[in-house]
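Remarks on the overall topology
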Amino acid sequence: MDNEMVFHYMVDGDDFTLAGETSSKVKKRLKQLGLPPEVIRKVAIAMYEAEINMVIHANGGTIDVAVSPERIHIVFADTGPGIPDVEKAMQEGYSTASNEVRELGFGAGMGLPNIKNCSDEMKIDTVVGKGTTIELTIYVT
């Protein structure tokens, strides 16, 4: 892998049958590129959590993944309701998911904490009523 490769994905909102599909595609691609298993694991977990959050809270969005020999940079962008209290949302167990979502086995309030734990760098930009953008960097070396 000589230079940066960029992949763009659309995440469909409100369709739990497709939730996790993008993270699976990226995981497969990273394996094909021969990246270290620990890096692939971190990327897969962070992406899955963010993807599920997009489906639950934001009616979908976009994911851009840039892969270089040094790092994997991922940008999740949505036009959902935004996060009113990021500090609270970062607390393990805090969730605004509906009862219906919880009955499906999602919405345990571990999404953002798991994303942060799997990332070397994480930045959240959110505006209530406009949407949220999360940028992650996971270093390969």
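So, here is what we can say about the structure in this document. Because the structure is predicted, anything quoted here is derived from the model rather than measured.

Focus on unusual backbone geometry
A positive phi angle, near 55 degrees, is found at Asn 59, a position not held by glycine. Tracing the backbone through its elements, the reader meets Asn 59 in the loop between helix 2 (37–57) and strand 2 (60–67). Overall, the relative accessible area of 53% leaves Asn 59 in the exposed class.

Let's talk about the packing of helix 2 against helix 5 (residues 111–118)
Helix 5 packs onto helix 2 with a crossing angle of 155 degrees between their chain directions and a minimal axis gap of 8 Å. As judged from the angle between their axes, helix 2 and helix 5 are roughly antiparallel. As helix 2 runs across helix 5, the sense of the crossing is left-handed. Here helix 2 contributes Lys 42, Ile 45, Ala 46, Glu 49, Ala 50 and Asn 53 to the contact with helix 5, which in turn contributes Gly 111, Leu 112, Asn 114, Ile 115 and Cys 118. Tallied by class, residues from the contact of helix 2 with helix 5 come to six nonpolar, three polar and two charged.

A short note on the environment of Ala 50
Mapped onto the secondary structure, Ala 50 falls in helix 2. Spatially, the C-alpha atoms of Ala 50 and Gly 80 are 13 Å apart, while their sequence positions differ by 30 residues. Once residues within four sequence positions are removed from consideration, Ala 50 is found in contact with Phe 76 and Ile 115.

Considering the packing of helix 1 (residues 21–32) against helix 2
Two elements in contact, helix 1 and helix 2, have axes separated by 8 Å at closest approach and are oriented at 165 degrees. As summarised for this structure, helix 1 and helix 2 are arranged roughly antiparallel, according to the angle between their axes. When the axes of helix 1 and helix 2 are compared, the crossing they make is right-handed. In this structure, helix 1 uses Glu 21, Thr 22, Ser 23, Val 26, Lys 27, Leu 30 and Lys 31 to contact helix 2, whose residues at the interface are Ile 40, Val 43, Ala 44, Met 47, Tyr 48 and Glu 51. Each residue belonging to the contact of helix 1 with helix 2 can be placed in one class, and the counts come to seven nonpolar, two polar and four charged.

Considerations on the side chain of Thr 132
Here Thr 132 is to be found in strand 5 (residues 131–139). A relative accessible area of 6% places Thr 132 in the buried class. Beyond its immediate sequence surroundings of up to four residues, Thr 132 is in contact with Phe 76, Ala 77, Asp 78, Gly 82, Ile 83, Ile 124, Asp 125 and Thr 126.

Parameters and conventions
Residues numbered from 1 in each chain as written. Predicted model: local features only at pLDDT ≥ 70, side-chain atom pairs only at ≥ 80, totals over all residues. Heavy atoms only, no water. Helix = DSSP H or I, 4+ residues; strand = E, 2+ residues; numbered from the N terminus. Buried < 20%, exposed > 50% of the residue type's maximum accessible area, 1.4 Å probe, protein only. Axes fitted to C-alpha atoms, helices over the stretch in contact; angles between N-to-C directions. Parallel < 35°, antiparallel > 145°, perpendicular 65-115°, else oblique. Left-handed = near helix turned anticlockwise from the far one by under 90°. Contact = heavy atoms within 4.5 Å. Nonpolar A, V, L, I, M, F, W, Y, C, P; charged D, E, K, R; others polar.

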